[in-house]
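Letter by letter, the chains look like this.
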Amino acid sequence: MSKNWSFSDDDQMIITGPAMIPNALIARKDEMGNLFHVYFSKETVEKVARKFLADNNAHVTDINHDDNIVEENTLLESWIVEDPKMDKSKAMGFNVPKSTWMVSYKINNKDTWNKIKAGELNGFSVAGSFLEKIQSNGRNKCSIKYKSRFCPTKIYIYLSLIHISEPTRPER
């Protein structure tokens, strides 16, 4: 991935970037502090994006997964990249694979916008409670399969505006 966000240089306060990239390795630590990586398949990315919209979570965000959830930002666009060479994301300077979930948000909070412009926030992260099926390949990498069937716990998905300090490795 060539960059995390594209943002307007003016008072529009609009950011665009990938919400989820299929097969990108995401660092996690277990209860013992051991590092491992997870990734989401193309199918899972698409299911999560659809559920996010179906559950009307378009305006639900927080910052750095602080659980201070607000509904003040406005989702302007949400799309799945079908053809990376011809997609709008390419014209915006992104180099993302097929099935990447892209979003554009209007930021309606000046403090949040100032943090974005200063580089303190530079990417999206999907937060949620997923029914997971974790598959280990024996090399400290796991695949998370999102299942769309309902269970007693509420499945929620929202976007967190985050600071990405370590680039996500692109492919498993």
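Refer to the structure printed above.
For clarity, every value in this text was computed on a predicted model and none was experimentally measured. (Residues numbered from 1 in each chain as written. Predicted model: local features only at pLDDT ≥ 70, side-chain atom pairs only at ≥ 80, totals over all residues. Heavy atoms only, no water.)

1. Focus on the overall build of the chain
Move 1: Across its full length, the chain carries three helices and eleven strands.
Move 2: In the chain, the order of α-helices and β-strands from amino to carboxyl end is β-β-β-β-α-β-β-α-β-α-β-β-β-β.
Move 3: With 172 residues in all, the chain has 42% of them scored as buried.
Move 4: Here the chain has roughly 9,600 Å² of accessible surface; of this, 48% comes from carbon and sulfur atoms. (Helix = DSSP H or I, 4+ residues; strand = E, 2+ residues; numbered from the N terminus. Buried < 20%, exposed > 50% of the residue type's maximum accessible area, 1.4 Å probe, protein only. Areas by Shrake-Rupley, 256 points an atom, 1.4 Å probe, with all protein chains shown as cover.)

2. Here's the deal with the environment of Phe 94
Move 1: By the element assignment, Phe 94 lies in the loop between helix H2 (88-91) and strand S7 (101-106).
Move 2: A relative accessible area of 1% means that Phe 94 is categorised as buried.
Move 3: Expressed as a C-alpha distance, the spacing of Phe 94 and Pro 18, which sit 76 residues apart in the sequence, is 8.7 Å.

3. Focus: the nonpolar core
Move 1: If you look at the biggest cluster of nonpolar residues, it comprises 21 residues, and the most contacted ones within it are Ile 15, Met 20, Trp 101, Val 103, Tyr 105 and Ile 107.
Move 2: Elements that contribute at least two residues to this core include exactly strand S2 (14-20), helix H1 (42-54), S7, helix H3 (110-117) and strand S8 (123-128).
Move 3: Looking at this core, the element that brings in the most residues is H1, giving four residues.
Move 4: Counting five residues, the second-largest nonpolar core is a separate cluster that includes Val 81, Phe 94, Val 96 and Met 102. (Core = buried A, V, L, I, M, F, W, Y, C linked by side-chain atoms within 4.5 Å.)

4. A word on unusual backbone geometry
Move 1: Even without glycine at this site, Asp 67 takes up a positive phi of about 65°.
Move 2: Mapped onto the elements of the fold, Asp 67 is located in the loop between strand S5 (61-63) and strand S6 (74-80).
Move 3: Classification of Asp 67 as exposed rests on a relative accessible area of 56%.

5. So, H3
Helical geometry note: an α-helix holds 3.6 residues per turn, so side chains three or four residues apart project in the same direction.
Move 1: Residues of H3 that are buried: Thr 112, Trp 113 and Ile 116. Looking straight down H3, one finds its buried side chains confined to an arc of 100°; they lie on one side. What points out from H3, more than 90 degrees from its buried face, is the exposed set Lys 110 and Asp 111.
Move 2: Looking at the residues trailing H3, positive phi occurs at Gly 119, about 85°. (Arc of directions from axis to C-beta.)

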